[in-house]
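# Structural description and commentary
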Amino acid sequence: MAEHYKPVKYKAWEMNLEERFQEVFPPLTEREAVLEANRCLYCYDAPCMVACPTHIDIPTFIRKISTGNVTGSARTIMEANLMGASCARVCPVQELCEGACVLEHDEKPIMIGRLQRYAMDYADEKKIKFFNKGKSLGKKVAVVGAGPAGLTCAGELAKMGFEVTCYERKMWPGGLSTYGIVVFREPVEVARAEAKKIEDLGVTMKTGVTIGEDIQFDQLLKDNDAVFVSIGLGSVPNMDIPGEDLEGVVDGLEFIEETKVKPLCDIKYGNRICVIGAGNTAIDCATIARRLGSERVTMIYRRSEAEMPAYHFEYQFALGEGVSFSFLTQPVEVLSNNGKVDGLKCVRMDLGEPDESGRRVAVPVPNSEFVVPCDMVIKAIGQLKHTPFIAKLGEYGIKTVKGYIAVDSKTNRTAHEKIFAGGDCIRSKGEASTVMATQDGKIAARAIYEQLTGNKIPEGTLKRSTDMTIEPAMEKGYALHEHKPRVHATAPTK
Amino acid sequence: MADLSINFNGIKSPNPFWLASAPPSNSGYQVQKAFEAGWGGAVWKTVGAPVMNVCNRYGTIDYKGRKIIGLNNVELISDRPLDVNLKEMRETKKNFPNHAVIASVMVESKKEAWQEIIKRIEDTGVDGFELNFGCPHGMSERGMGSAMGQVPEYTCMVTEWVMEVATKPVIVKLTPNVTDIVHPARAAVKANASAISLINTINSIMGVDLDTFEIRPNVGGKGGHGGYAGPAVKPIALHLLSSVASDEEVRKAGIPISGMGGVETWQDAVEFMLLGSTSVQVCTAVMHFGFRVVEDMIDGMSNWMDERGFKNCTDFIGASLPRISSFGDFDLGFQSVARIDHNKCIQCNLCFIACNDTAHQCIDLKDMKLTDEVKERLWPVVREEDCVGCALCASVCPVDDCITMTEIDTGRPHITWNQLIKEKPEVLQWDKMVEYREKNHIHIH
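A brief structural summary. Each chain carries its own residue numbering, running from 1 in the written order of its sequence. Lettering of chains starts at A and numbering of ligands starts at 1, both following the order in which they are written. With the structure being a predicted model, the display of local features is reserved for residues of pLDDT at least 70 and the display and counting of side-chain atom pairs for 80 or more, all residues being used for whole-chain, interface and lining totals. Hydrogens and water are ignored here; the side-chain numbers use all heavy atoms of the structure.

## With respect to the overall build of chain B
Convention followed: Helix and strand definitions here come from DSSP, where helices need a minimum of 4 consecutive H or I residues and strands a minimum of 2 consecutive E residues; each element is numbered from the N-terminal end. Any pair of residues with heavy atoms lying within 4.5 Å of one another is described as a contacting pair. Accessible areas in this description were obtained via Shrake-Rupley with a 1.4 Å probe; residue shielding takes into account the shown protein chains only.
Check the secondary structure of chain B and you find 15 helices and 20 strands. Viewed in the frame of its principal axes, chain B has a C-alpha envelope of about 80 × 55 × 50 Å. For chain B, long-range pairs separated by at least 24 residues make up 71% of all intrachain contacts whose partners lie at least 6 apart in sequence. Counting every atom, chain B has about 20,500 Å² of accessible surface; 52% of that belongs to carbon and sulfur.

Structure, rendered in structure tokens:
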């Protein structure tokens, strides 16, 4: 049957479970990609490229799609960002490259994320290998935690010729890309294929290994010339309210992880769910719950819409998925009946004066308690730090900022000469994101190379926009074209 | 990775991409910046007779939202003194000894003038010369540029003057503003030129302002013909290139050709090279986007070569030339018909209206019952027995691979027009032609 006679299934209730968990955005067709690529103006010193934390040469990769050089396009992306396939899917593009697009106002921004995915998918389908392990430098580096930061650092180092071993606590590498990004944003296969590419560069991947239990950190430090710590963050903290330990109260990250590793039909979910928190993870939990089939999902957040930490497009997405929001609401107790969650007792809040962070403080309204009936409560109120591990690092003189590992931002080196760190575990300020973690890995790889070899970074190995600025030829002494001020033949009359 | 380097009759270049002689190659600053960006060579903006420029110098054609599918200019040759240009050529060659630096030259039609400037330029160490017999505006009115290129005898004469003194390769650049470009090409061959380049820009007027009635580009209220270039001229350039490259006299001389005219991407460049260009020259794409476009040209061509197992450019230069033929030698028995894939068809019906109004009325709109829809729209269906195989429907179809022109065997004789009129000269009479067709079951709808 002709494609346009096939009914388009866009209403969740018309789709089956598997269909509801396909990627929200379908891949661009070749035609769509070429048309969109041709809409790109190919700006010089393009703001999209500056806005990208990894400084992908976006105009160039898009132009290569328009000229049919999709292989070259993927290469351009990968040169700047080994996590290109993940970033294409999970980057908050509205806040970064697409938000900076010069066409934002007069037309609409170029779909940079989806074009990047098109190029990355193409390279994956064709199984193109862009980089090889570099000539051995005879130096060893250990990477602790194989999330986007760790994988990037490992990959860049392997390209330069280091012997790299990644230690990962979980069964599969990829960190949050594998376990923490909702499957309809990034399928687990994409994250795992991306990690496989790092392995293909000659990186040794040791999974199911916990540092401190299976191997001691001292040993790593002794056996390697440098260690990159990218341990991310841990589980969701306690809310410290009664009833928190009841069956039916779950950790949001664990809830997401189930959808990544289990058959969808085996996942338990409630019919009426309260999600506590209003960050991006909370939104993910709520939209997953809806797509699993939950009838009513309410997000409970103690401040108002204006303060919610989730990206605005995620908020809109959740609204579209039929998620309700209960703002200015603070949970005070999880209620139960026969040991099972039965409701969430909450109190209404009001906004008071701004606190140090500038956000207005929520204060409880007296005698305003009420109960939201529910059979499941999902906590998504942030992530704990791996405090014991970080405390262990303290023995090496490593400092912390707000509980995060403190590093020098130019090198991502800690106070210990051999220990570098990156990813969410150093994100004491700014957004924790895949793309920021990726850049952390690049910065550390560069610094490790320079520190261990004494050389400056080989040109083109780690492209950043600042490296690519063309020096005015005049300063190089070969410009002989003198620019004289233009003088009008006749003086302007007054 | 494939080796993109070329040897253009002694001019060595790391890749086949050269800046054409034009505003982008106006100065040492620009040419050296271009080399840093990856260009393999540059033909310096023409030096020669003293000039004065005007403004506005450029006019463009935009097409349905896309900027600059064609660009014309009335800029003249270099308006910077010769000494300055020579100094910068020397400096550029010194800084980039492995890149091709070629001086484009144009002076009045005097033997002494040509020979003197050639000697002076050669002293800078450039790799070769390009004789500008093509500039169609400003200089031609002064008896230079295309005024020389349009008269094969002049082309031959001036080239001979240059060949007498030049020790470096000499490229003769041809103008497309002639009836048959093969004649000036042969004139260059006759004068022992080392190479040919084409095309220079095409005479053009870009447009008229509907409010002011001014000509575009507008030079103080007036306008005139300028040289047309950019993506829109590529098909013309490819034709002229192929006719020169497949000309017997040019082939016998064995000299390379540098092709240009609308090259914007690596794909364009490959097409020029398949039709016999050893190097390709680029101007408009660079004027639109900057020198950086060369990165994709190199990368794209290299990937394309790798995919096909080509190691060097010589593996494919001229590979399509044997396919250049002429109408009299085409196979009259070759029959293709349009086939519509109704799984892909979106029922825009552009194929129907194009065929019905302007071609051969062999597409019908039919009730096909291909779906479960109660009110299913009509589908375009080709009456294959009436399809003449013109390919208009496939050309207007907006869906990729929806209408394909498929070769079918009709059993009609595989004969060319030239063979036919030799064997059966009587078909030049209409009644005999009809008889011949009927005998061979050729039904013209």
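Read on for the rest.
## Digging into the sheet that holds strand E5 (residues 249–251) of chain A
Residues and elements named next belong to chain A. Quick note on the threshold: Two strands pair if DSSP finds at least two bridges between them. Simply put, an axis is a line fit to the C-alpha atoms, just over the touching stretch for a helix, and the angle between two N-to-C directions goes from 0 to 180 degrees.
One open sheet holds the 5 strands; their spatial order is E5-E13-E6-E7-E8, and the pairing between them is parallel. Either end of the sheet is taken by a strand with one partner, and the two such strands are E5 and strand E8 (324–326). Taking each pair of neighbouring strands and ignoring which way they run, the sheet shows an average axis angle of 25°. Where strand E6 (residues 272–276) and strand E13 (residues 376–379) come together, 4 bridges link them in parallel fashion. Across the sheet, residue Ile-273 finds its bridge partner in E13, namely Met-376.

## Observations regarding the side chain of B:Ser194
Residues and elements named next belong to chain B. Rules: Summary of the burial criterion: residues with accessible area below 20% of their type's maximum are buried, those above 50% are exposed, and those between are partly exposed, where the area comes from a 1.4 Å probe applied to protein chains only. Polar contacts, as counted here, are pairs of nitrogen or oxygen atoms within 3.5 Å of one another; within protein the pair requires one atom able to donate a hydrogen and one able to accept it, and residues that are adjacent in sequence qualify only if both atoms are side-chain atoms.
As for its placement among the helices and strands, Ser-194 is situated in the loop between helix H6 (182–190) and strand E10 (195–198). With a relative accessible area of 11%, Ser-194 lands in the buried category. A distance of 2.7 Å separates the side chain of Ser-194 from the backbone nitrogen of Val-170, its partner in a polar contact. Beyond its immediate chain neighbours, meaning those up to four positions away, Ser-194 contacts Asn-9, Met-163, Pro-169, Val-170, Ile-255 and Pro-256.

## Examining the pattern of salt bridges
Filter applied, for reference: The term salt bridge refers to a pairing of a side-chain nitrogen on Lys or Arg with a carboxyl oxygen on Asp or Glu at a separation within 4 Å.
Counting across every chain of the model gives 46 salt bridges over all chains. Its salt-bridge partner being A:Lys345, residue A:Glu369 comes within 3.8 Å of it at the nearest N-O pair. Here the residue A:Glu369 occupies a position in the loop between strand E11 (360–364) and strand E12 (370–373), and A:Lys345 occupies one in strand E10 (residues 340–354), the gap between them amounting to 24 residues. By relative accessible area, which is 25% here, A:Lys345 ends up partly exposed. One salt bridge connects B:Glu75 with B:Lys45, and the closest N-O pair in it is separated by 2.8 Å. With B:Glu75 in the loop between strand E6 (66–73) and helix H2 (82–95) and B:Lys45 in strand E4 (residues 41–48), the pair connects residues that are 30 residues apart, well separated along the chain.

## Quick word on the nonpolar core
Note the following rule: Here the nonpolar core consists of buried residues drawn from Ala, Val, Leu, Ile, Met, Phe, Trp, Tyr and Cys, with membership extended through side-chain atoms lying within 4.5 Å.
Counting residues in hydrophobic clusters, the biggest one holds 100 residues, and the most contacted among them are B:Trp39, B:Trp114, B:Ile121, B:Phe129, B:Ile196, B:Leu198 and B:Met301. Counting residues per element, this core draws most heavily on helix H11 (residues 293–308) of chain B, which supplies 7 residues. Among all residues touching B:Trp39, those that are not within four sequence positions of it are B:Asn15, B:Phe17, B:Trp18, B:Leu19, B:Ala34, B:His99, B:Val282, B:Val286, B:Phe291, B:Val293, B:Val294 and B:Met297. If you look at the next biggest cluster of nonpolar residues, it comprises 68 residues, including A:Ala123, A:Cys153, A:Ala437 and A:Ala447.

## What about the interface of chain A and chain B?
Quick reminder of the rule: Defined in terms of a 1.4 Å probe, buried area is the accessible area two parts forfeit on being brought together, summed over both. All residues other than Ala, Val, Leu, Ile, Met, Phe, Trp, Tyr, Cys, Pro, Asp, Glu, Lys and Arg, Gly among them, are scored as polar; the first ten of these are nonpolar and the last four charged.
Every contact between the two is made by 28 residues of chain A and, on the other side, 39 residues of chain B. With both sides pooled, the region where chain A packs onto chain B buries about 2,800 Å², and carbon together with sulfur makes up 50% of that total. Run the count over chain A and chain B and you get 3 salt bridges. For B:Asp400, the salt bridge is made with A:Arg31, and the minimal N-O distance between the two is 3.3 Å. In this assembly, chain A and chain B are joined by 18 residue pairs in polar contact (both at pLDDT 80 or more). Mapped by element, the contributors of at least two residues to the side of chain A that touches chain B are helix H2 (30–39), helix H4 (58–66) and helix H5 (70–80) of chain A. Among the elements that line the side of chain A that touches chain B, the one with the most residues is H4(A), at 3 residues. Taken together, the residues of the side of chain A that touches chain B sort by class into 13 nonpolar, 10 polar and 5 charged.

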